[in-house]
Amino acid sequence: MTVQKENENIIQENDLIYLILEDRKRWLVQARAGETFHTHHGFIEFDELINKKPFGSCIFSKPLETQGYKFYVMKPLPSDYILHMKRKTQIIYPKDAGLILLYTGIGPGSIIIEAGCGSGALTCILGNYVRPNGHVYSYDVREKSLNRALKNVKRAGLQEVVTIQEGDILKKDLELRDVDCVVLDMPTPWDAIPKIKKYLRLSGSICCFSPTMEQVKKNTFSLKNNDFIEVITIELLERRLQVKENATRPETRMIGHTGYLTFGRKVEPFKENPYREKKPKKKEIIDMTGMPLRGENNDH
Ligand SMILES: C[S@@+](CC[C@H](N)C(=O)[O-])C[C@H]1O[C@@H](n2cnc3c(N)ncnc32)[C@H](O)[C@@H]1O
């Protein structure tokens, strides 16, 4: 590791840190100067980390004589933010967020519209990936969701690349044009599709998250009727494995269902092909009873 890389890896004041207590528990906390983090397994003084320890360090909780539990101090991954953030609404899980990124082409520089922001779990993932020069414009109708999402975005240090705004995506007229992607996680995406398509650039992508198949059908037909092609729906099942010397197998418990992801890509409105004449119909031959026969040779 170069000296510069080593320095970047040192924990700074107000950094979010991911504390892992052996195999038992995990916390996402902010390293605030002069403060102490208390757990049932002893406490940790942030001043002993800030400007001193690199991410990945192993430390022991205090008092060392009575507690002395082993903790690892890690740099949080996007999935850690999602699973440990404060939430009030159903959130998008990491497996689905990963798929959204790949199937929409979201990356550094992307401009995105999101509705609704809910607790801001997906908003934080999107913000993290559009950095440094992209932007996420996220809307919600509920004040509680807006406040919660804003807190989570600030906590993740993403306020430069994310704007959280009050707004009903079904009614509000946004000034935005030529955006790269629209992500809808709200009760009726199919109603929003005719309105939001004008915000997207040609070849831009849309993703609708739906917990039920009834919603998937409505979204699919709405996309197909509104100049979207490559309309596909994916359900991604995640199953973790328990790995033990003589008992390696799927874990007993799993999250059985999160939702379905319907994707589409915007194209120009439908045009007739001027280079191809209408295909001539096959000649029909009428038999003596007046019934049409299917072909000249009466073949089927
Ligand atoms: C399931 S939550 C979204 C969760 C979010 N994706 C996350 O990962 O935290 C759905 C949100 O859509 C919002 N919503 C419902 N109708 C809306 C509309 N017409 N425009 C904008 N947001 C809307 C709700 O208030 C709610 O907060």
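Details of the structure are given in the entry above.
Heads up: these notes are all about the structure in this document.

Procedures and definitions
Residues numbered from 1 in each chain as written. Predicted model: local features only at pLDDT ≥ 70, side-chain atom pairs only at ≥ 80, totals over all residues. Heavy atoms only, no water. Helix = DSSP H or I, 4+ residues; strand = E, 2+ residues; numbered from the N terminus. Polar contact = N/O pair within 3.5 Å; in protein donor to acceptor, adjacent residues only side chain to side chain. Contact = heavy atoms within 4.5 Å. Pairing = 2+ DSSP bridges. Axes fitted to C-alpha atoms, helices over the stretch in contact; angles between N-to-C directions. Buried < 20%, exposed > 50% of the residue type's maximum accessible area, 1.4 Å probe, protein only. Right-handed = clockwise from strand over helix to strand, strands pointing away.

A short note on the side chain of Asn226
Point 1. You can see Asn226 is positioned in the loop between helix 7 (213–224) and strand 12 (228–234).
Point 2. For Asn226, the side chain forms a polar contact with the main-chain oxygen of Ser222, separated by 2.7 Å.
Point 3. If sequence neighbours within four positions are ignored, Asn226 has contacts with Ile193, Pro194 and Lys197.

Focus on the sheet that holds strand 2 (residues 25–30)
Point 1. Strand order in the open sheet made by the 4 strands is 2-1-6-5, with antiparallel pairing throughout. A single partner strand is all that each edge strand has here, and the edge strands are strand 2 and strand 5 (57–60). Strand-to-strand twist across the sheet, computed as the mean angle between neighbouring axes with direction ignored, equals 30°.
Point 2. The pairing of strand 1 (residues 16–21) with strand 6 (residues 70–74) spans 4 bridges and is classified as antiparallel. Of the residues in strand 6, the one forming a bridge with Tyr18 is Met74.

A short note on the environment of Glu8
Point 1. Mapped onto the secondary structure, Glu8 falls in helix 1 (residues 3–8).
Point 2. Put simply, Glu8 and Phe55 are 47 residues apart on the chain and 9.4 Å apart in space, counted from C-alpha to C-alpha.

Considering the pairing of strand 10 (residues 179–184)
Point 1. When you tally the buried positions in strand 10, you get 6 out of 6 residues, the bulk of the element.
Point 2. Taken together, the 4 bridges between strand 7 (residues 111–115) and strand 10 define a ladder with parallel strand orientation. Directly across from Glu114, in strand 10, lies its bridge partner Val183.
Point 3. Across 5 bridges, the pairing between strand 10 and strand 11 (residues 200–210) is parallel. Its bridge partner being in strand 11, Val183 is matched across the sheet by Cys207.
Point 4. After leaving strand 10, the chain enters helix 6 (residues 189–196) and then returns to the sheet as strand 11, a path that is right-handed.

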